[in-house]
Amino acid sequence: MSKKETEKKFEMALEKQNYLLLAIAFVIVIVGFLLMMGGGSENPEVFNEGVYSFRRITLAPLVVLFGFLFAIYAIMKKPAETKEMEKKK
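Here the structure is a predicted model, which is why all the values come from computation and not from measurement.

So, how was this worked out
- Residues numbered from 1 in each chain as written.
- Predicted model: local features only at pLDDT ≥ 70, side-chain atom pairs only at ≥ 80, totals over all residues.
- Heavy atoms only, no water.
- Helix = DSSP H or I, 4+ residues; strand = E, 2+ residues; numbered from the N terminus.
- Buried < 20%, exposed > 50% of the residue type's maximum accessible area, 1.4 Å probe, protein only.
- Contact = heavy atoms within 4.5 Å.
- Areas by Shrake-Rupley, 256 points an atom, 1.4 Å probe, with all protein chains shown as cover.
- Lys, Arg positive; Asp, Glu negative; His and termini not counted.
- Salt bridge = Lys/Arg side-chain N within 4 Å of Asp/Glu carboxyl O.
- Axes fitted to C-alpha atoms, helices over the stretch in contact; angles between N-to-C directions.
- Parallel < 35°, antiparallel > 145°, perpendicular 65-115°, else oblique.
- Left-handed = near helix turned anticlockwise from the far one by under 90°.
- Nonpolar A, V, L, I, M, F, W, Y, C, P; charged D, E, K, R; others polar.
- Patch = residues over 30% accessible without salt bridge, like charges linked within 9 Å, V, L, I, M, F, W, Y side chains within 5 Å.
- Phe/Tyr/Trp six-rings, centres within 6.5 Å; stacked < 30°, edge-to-face > 60°.

Novice: Mind laying out the overall build of the protein chain, listing which residues take part and the relevant values?
Specialist: A tally of regular secondary structure across the protein chain gives four helices and zero strands. In the protein chain, the succession of α and β elements from N to C terminus is α-α-α-α. In the protein chain, which comprises 89 residues, the proportion classed as buried is 19%. For the protein chain, the proportion of contacts with a sequence separation of at least 24, taken over those separated by at least 6, is 68%. Of the roughly 7,600 Å² of accessible surface on the protein chain, a fraction of 67% belongs to carbon and sulfur atoms.

So this is what it looks like as structure tokens:
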């Protein structure tokens, strides 16, 4: 077996760029969940209106949604080398 054939056998499903983008998407999702944290009251008999803040109700879910969409993009994105090779065929 030639070296080229051996490299083809151990080729990963995604490229390094895809994994980097997936890591960024993971960080974005974590930031979204961190934005949702808090708002609890130290005294359980007192209601804290902070639970319904813009950050927790609107911003954080949008950040999480963007993170998941970015993850889908990261998985679907083809590396530039693959695009060039397909154009040559």
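Novice: Report on the side chain of Arg56, specifying residues and quantitative values.
Specialist: Along the polypeptide, Arg56 turns up in helix 3 (residues 54–76). Within the buried core, Arg56 has no salt-bridge partner, and the shortest N-O distance to an opposite charge, that of Glu49, equals 10 Å. Apart from the residues lying within four places of it in its own chain, the contact partners of Arg56 are Leu35, Met36, Met37, Gly38, Gly39, Gly50, Val51 and Pro61.

Novice: Describe the packing of helix 2 (residues 16–36) against helix 3, listing the residues and the values that go with them.
Specialist: Look at helix 2 against helix 3: their axes get within 8 Å of each other, and the N-to-C directions meet at 170°. When the axis of helix 2 is compared with that of helix 3, the two are roughly antiparallel. Relative to helix 3, the crossing made by helix 2 is left-handed. Looking at the contact of helix 2 with helix 3, its residues break down into 21 nonpolar, three polar and two charged.

Novice: How would you explain a nonpolar patch on the surface if you had to name every residue and give the values?
Specialist: Nonpolar side chains collect at one region of the surface, where Phe26, Val27, Ile30, Val31, Leu34 and Met37 lie side by side and expose about 580 Å² of accessible area between them. Turning to its location among the elements, Phe26 is positioned in helix 2. For Phe26, a relative accessible area of 56% corresponds to the exposed category.

Novice: If you had to explain the packing of aromatic side chains to someone new, which residues and values would you point to?
Specialist: This model, assessed by the stated rule, comprises three aromatic pairs. Plain terms: the ring middles of Phe70 and Tyr73 are 6.0 Å apart, the flat faces sit at 40° to each other, and that makes the pair tilted. Here Phe70 and its partner Tyr73 are both found in helix 3, three residues apart, which amounts to about one turn of the helix. Classification of Tyr73 by relative accessible area gives partly exposed; the value is 43%. A network of ring pairs unites the aromatic residues Phe66, Phe70 and Tyr73 as a single cluster.

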